[in-house]
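Results of the structural survey
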Amino acid sequence: MADSTDKNKEDELAGTEQPFVQHLMELRDRLLYCVYGLVVAGVLLAIWPGPAGLIDMIAVPIRAHMPPDAKLIAIGVFSPFFVPLKVLAMTAVLLALPWLMYQAWMFVAPGLYSHEKKFALPLIFFGSLLAYGGIAFVQFFVLDKMFGFIQKFTPPSVNATPDISSYVEAILSLYIAFGVAFQVPIVVMLLVRFELVTIEKLRSFRGYFIVLAFVVAAVLTPPDVVSQLALAIPMCLLYEVGIVGARYFTKFSKPAEESADSAQS
């Protein structure tokens, strides 16, 4: 049985060996495709809603807690020009994220077994949805609650008019933190799939992960309770989702030979 399994694995990768120069050419092509995707996304966003429109969108949460006629200010001389371009570039990366991840998968796919290829695309799709979900969670919930909490501590003698550059840097760091933290189910399922940990170990580690989630939230978010809770609690819930999904994902992504053996046993 072991010999036939090894032979099947060899057959899966037969003819996929490529010389080093060809690997470099493939990498070059994939990087070019990534650049093309980013350019297309950037052009589409420049047409609509445009750099100014993107700034207006991301400024909605903080302006809701400012006086009606108040606006964000630009302290730097070149901030009115470079900050909208920075936001446009970051939004283009987010818009093209599935395409970028697909190109990365296409580069490594020739070296994967058929059962590994079967679960790579669903992981790309699921991971992109989780990243978008984390960013949307920040935009439509976390920022509003966080700025509402902070404004309560603003003295009446202080006029809170944040600088657009510092504001964009703060929310971009939150977008990245939540987008990465929401990948917890993907990490958990991959750890179980590659037999680095077991589901039982993950369950016994639950209490430690809760502490770890709050430590990570304290490091990655601003020093306010709202944003820290808003990151730590979803991480704990997503950890549980990963444990549940790991069981089904492991069965789905097993090689046909292992599935048949487990079914017979």
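Residues numbered from 1 in each chain as written. Predicted model: local features only at pLDDT ≥ 70, side-chain atom pairs only at ≥ 80, totals over all residues. Heavy atoms only, no water.

**Side note on the overall build of the protein chain**
- Helix and strand content of the protein chain: 13 helices and zero strands.
- Listing the helices and strands of the protein chain from first to last along the sequence gives α-α-α-α-α-α-α-α-α-α-α-α-α.
- Within the protein chain, buried positions represent 35% of all 265 residues.
- Counted over contacts in the protein chain with a minimum sequence separation of 6, partners at least 24 positions apart contribute 84%. (Helix = DSSP H or I, 4+ residues; strand = E, 2+ residues; numbered from the N terminus. Buried < 20%, exposed > 50% of the residue type's maximum accessible area, 1.4 Å probe, protein only. Contact = heavy atoms within 4.5 Å.)

**Section: the pattern of salt bridges**
- Tallied over the full model, the rule gives three salt bridges.
- Across the salt bridge formed by Glu-26 and Arg-30, the nearest N and O atoms sit 2.8 Å from each other. Here Arg-30 and Glu-26 lie together in helix H2 (residues 20-47), a separation of four residues that amounts to about one turn.
- Note on Glu-26: relative accessible area 22%, which makes it partly exposed.
- A residue is classified by how much of its surface remains accessible, and Arg-30, at 15% relative accessible area, is buried.
- Close ionic contact of Arg-206 with Glu-240 constitutes a salt bridge, the shortest N to O distance being 2.5 Å. Remark: Glu-240 occurs in helix H12 (residues 225-252) and Arg-206 occurs in helix H11 (residues 206-220); sequence separation between them is 34 residues. (Salt bridge = Lys/Arg side-chain N within 4 Å of Asp/Glu carboxyl O.)

**A few points about the packing of helix H5 (residues 79-95) against helix H8 (residues 164-181)**
- For the pair H5 and H8, interaxial distance at closest approach is 10 Å and the crossing angle is 15°. Considered as vectors, H5 and H8 are oriented roughly parallel to each other. When you trace H5 past H8, the crossing you get is left-handed. Between H5, through Ser-79, Val-83, Lys-86, Val-87 and Met-90, and H8, the contact on the second element is made entirely by Ile-164, Ser-165, Val-168, Glu-169, Leu-172 and Ile-176.
- Of the residues assigned to the contact of H5 with H8, the class counts are seven nonpolar, two polar and two charged. (Axes fitted to C-alpha atoms, helices over the stretch in contact; angles between N-to-C directions. Parallel < 35°, antiparallel > 145°, perpendicular 65-115°, else oblique. Left-handed = near helix turned anticlockwise from the far one by under 90°. Nonpolar A, V, L, I, M, F, W, Y, C, P; charged D, E, K, R; others polar.)

**Here we look at the packing of aromatic side chains**
- Using the criterion set out here, one finds 13 aromatic pairs in the structure.
- With 5.1 Å between their ring centres and 75° between their planes, Phe-81 and Phe-82 make a pair best called edge-to-face.
- The class for Phe-81 is exposed, based on a relative accessible area of 52%.
- A connected cluster of aromatic rings, assembled from ring pairs, spans Phe-137, Phe-141, Phe-178 and Phe-182.
- Over the aromatic face of Phe-194 sits the side chain of Arg-193, whose NZ or CZ is 5.7 Å from the ring centroid. (Phe/Tyr/Trp six-rings, centres within 6.5 Å; stacked < 30°, edge-to-face > 60°. Lys NZ or Arg CZ within 6 Å of the ring centre and 35° of its normal.)

**Re H5**
- Between its first and last C-alpha atoms H5 spans 24 Å; for 17 residues at 1.5 Å apiece the expected length is 24 Å, and the two agree.
- The set of residues buried in H5 consists of Ser-79, Val-83, Pro-84, Val-87, Leu-88 and Ala-92.
- Here the buried face of H5 lies against H2, helix H3 (50-58) and H8. (Expected span 1.5 Å × (residues − 1).)

**Considering unusual backbone geometry**
- In this model, Trp-48 is joined to Pro-49 through a cis peptide bond whose omega is 5°.
- With phi around 60°, Glu-195 is a residue other than glycine that occupies positive phi space.
- Of note, Glu-195 is situated in the loop between helix H9 (184-193) and helix H10 (199-204).

**Let's talk about the layout of surface pockets**
- Quantified by volume, the largest pocket comes out at close to 720 Å³.
- Contributing to the lining of the largest pocket are 26 residues, with Thr-91, Leu-94, Tyr-132, Ile-135 and Tyr-175 lying nearest its centre.
- Going through the elements one at a time, H3, H5, helix H6 (97-108), helix H7 (114-151) and H8 are the ones with two or more residues in the lining of the largest pocket.
- Here the lining of the largest pocket takes eight residues from H7, the largest share from any one element. (1 Å grid on protein atoms, 1.4 Å probe; cavity = no way out; pocket = protein on both sides within 12 Å on 5 of 7 lines; lining within 4 Å. Points joined across faces, edges and corners; volume = space filled by probe spheres on them.)

**Some points on the side chain of Ser-128**
- Mapping Ser-128 onto the fold places it in helix H7.
- Judged by its relative accessible area of 4%, Ser-128 falls in the buried class.

**A few points about H12**
- Relative to the 40 Å expected for 28 residues at 1.5 Å per residue, H12 spans 40 Å between its end C-alpha atoms, a close match to the ideal helical length.
- Helix geometry: H12 is bent most strongly at Ala-246, by close to 35°. (Bend = angle between axes of the 7 residues up to and from the residue.)

**Brief notes about the packing of H9 against H12**
- One can describe the packing of H9 onto H12 by two numbers: an axis separation of 7 Å at closest approach and a directional angle of 35°. In this structure, H9 meets H12 at a crossing whose hand is right-handed. In this structure, H9 uses Val-184, Pro-185, Val-188, Met-189, Leu-190, Val-192 and Arg-193 to contact H12, whose residues at the interface are Met-235, Leu-238, Tyr-239, Val-241, Gly-242, Ile-243, Gly-245, Ala-246, Phe-249 and Thr-250.
- Of the residues in the contact of H9 with H12, the class split is 13 nonpolar, three polar and one charged.

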